[in-house]
Amino acid sequence: MLVHISNWIIPLIILTVLLYGTYKRVPTYETFVEGGKEGVKMAVSLLPFLLGMIVSISIFRASGALDAFVNLIDPVLSIFNIPSEIVPLAITRPISGTASLSIATDLIKTEGPDSFIGQLASTMQGSTDTTLYVLTVYFGAVGIRKMGDALKVGLLADFVGIIASLVVCYLIFGS
Amino acid sequence: MVNIIWVALAAIGIIYAFFNGTIEEVNEVIFSSAQDAVALTISLVSVLVFWLGLMRIAEKAGLLEKLAHLFKPVFTRLFPEIPANHPAMGYILSNFSANLFGLGNAATPLGIKAMHEMKKLNNDSDVASRSMITFLALNTSSVTLVPTTIIAIRMQYDSMAPTEIVSSTIIATLISTIGAIMIDRYFYYRRQRRLI
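Residues numbered from 1 in each chain as written. Chains lettered and ligands numbered in written order. Predicted model: local features only at pLDDT ≥ 70, side-chain atom pairs only at ≥ 80, totals over all residues.

Going by what an unreviewed UniProt entry lists, chain B is known as Spore maturation protein A and is assigned to Alkalibacillus haloalkaliphilus.

Going by what an unreviewed UniProt entry lists, chain A is known as Spore maturation protein B and is assigned to Alkalibacillus haloalkaliphilus.

## Description of the UniProt feature "transmembrane region" (unreviewed entry) in chain B
Rule in force here: UniProt positions are given in the numbering used here, feature names are shortened, and annotations may be inferred rather than shown by experiment. Under the DSSP-based scheme used, a helix requires at least four consecutive residues in state H or I and a strand at least two consecutive residues in state E, with every element numbered from the N terminus.
Mapped onto the present numbering, the UniProt feature "transmembrane region" (unreviewed entry) falls on residues 6-26, 38-58, 88-112, 133-153 and 165-188 of chain B. Annotation note: span residues 133-153 of chain B, helix share 71%, strand share 0%, distance between end C-alpha atoms 33 Å.

## A word on the domain arrangement of chain A
Basically, it comes down to this: Residue ranges assigned to the domains are those given by an automatic or database domain assignment.
Per the domain assignment, the segments of chain A are domain 1 (1-46) and domain 2 (64-173). Relative to domain 2 of chain A, the C-alpha centre of domain 1 of chain A lies at a distance of 28 Å.

## Comments concerning the nonpolar core
Using the following cut-off: Any nonpolar core is a set of buried residues, restricted to Ala, Val, Leu, Ile, Met, Phe, Trp, Tyr and Cys, that join up through C-beta atoms within 7 Å. Labels follow a simple rule on C-beta atoms placed from the backbone: if 20 or more others lie within 10 Å of a residue's own, it is buried; if 12 or fewer, it is exposed; otherwise it is partly exposed. For every residue pair, C-beta atoms are placed from the backbone, and the pair is scored as a contact if these atoms sit within 7 Å.
With 100 residues, the main nonpolar core has B:A58, B:I92 and B:L136 as its most contacted residues. Of the residues forming this core, the biggest block, 14 residues, is contributed by helix α2 (residues 23-60) of chain B. Apart from residues no more than four positions distant in its own chain, B:A58 is found in contact with A:V17, B:L63, B:L64 and B:F101.

## Concerning the UniProt feature "domain: Nucleoside transporter/FeoB GTPase Gate" (unreviewed entry) in chain B
In this numbering, the UniProt entry assigns the feature "domain: Nucleoside transporter/FeoB GTPase Gate" (unreviewed entry) to residues 42-153 of chain B. Between the end C-alpha atoms of residues 42-153 of chain B the distance is 10 Å, and the span holds 76% helix and 0% strand.

Structure, rendered in structure tokens:
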């Protein structure tokens, strides 16, 4: 059922935006092109970040170090029914956006996008943001020195998000 | 932090390969993965161009403000220290709507403006106020309707159903956002008790 809803969300958003834009007399096509140019810039500026991180992670995986790490933690996690392959992603998600995106990409590539790990990695990457980045940018920009409970709240929220991704994926996709 | 992660992954990998006898695999992957990254970025272009183009129409048509208006009653409760018609509230709402549509680049400057306004409300102190912590909690759990980048990556690796993760992502993001708000409230009341 939910998979069907997933298929409808994007087309419905597109339809709403196009019809509402036309109704409000926005020059839709020209506006689309103008906004699209930003997408090209964004993808190009993302390239060095992604490339650097992906090479680093691929070295880590190819050397066998990643498998060694996963095997090390597997006995503990299998008690809770948590796939240990996902742990590197869960650890890096709050710390670095590009690192976690690269790890998610690596998992989707090696395990397959439609495997359970692939679906879980996709959900985990999409459902939370990089706490450390958000904190640095927003507090840094306005000169807040005493963060109070912000870091604790952010990291605990990430933890909730990671558990939520796991539970939701088990319920929707099974294993 | 990102520097440490980056170096550690590569360095540990190379040293481990030395003992594990996998240096050949490592050599091969250095160049093939760089090539993969380029191919991946090119596949990202397609989705990013389409989505950002579409969202520019939504922005111009005033859909973001419409959405902000819809969420206003919830947000006045979430931020009891900010008067409903204060500019801070406006920026918080537009930041939220931009995030909802996956417009990270548009959301960040709006968020910074919201922080400036909240700092003014807090007598320009350099200590994070209650509203600021709530705002950051909301932002780190990021409510997104369409995870565009992930969909593009799934397409690149031949997914049969690249968008099937949309519903799981929305549910997970909702739970993490509600969790963030509850954790934020818990810490706020704990601070209050300490003051008394």
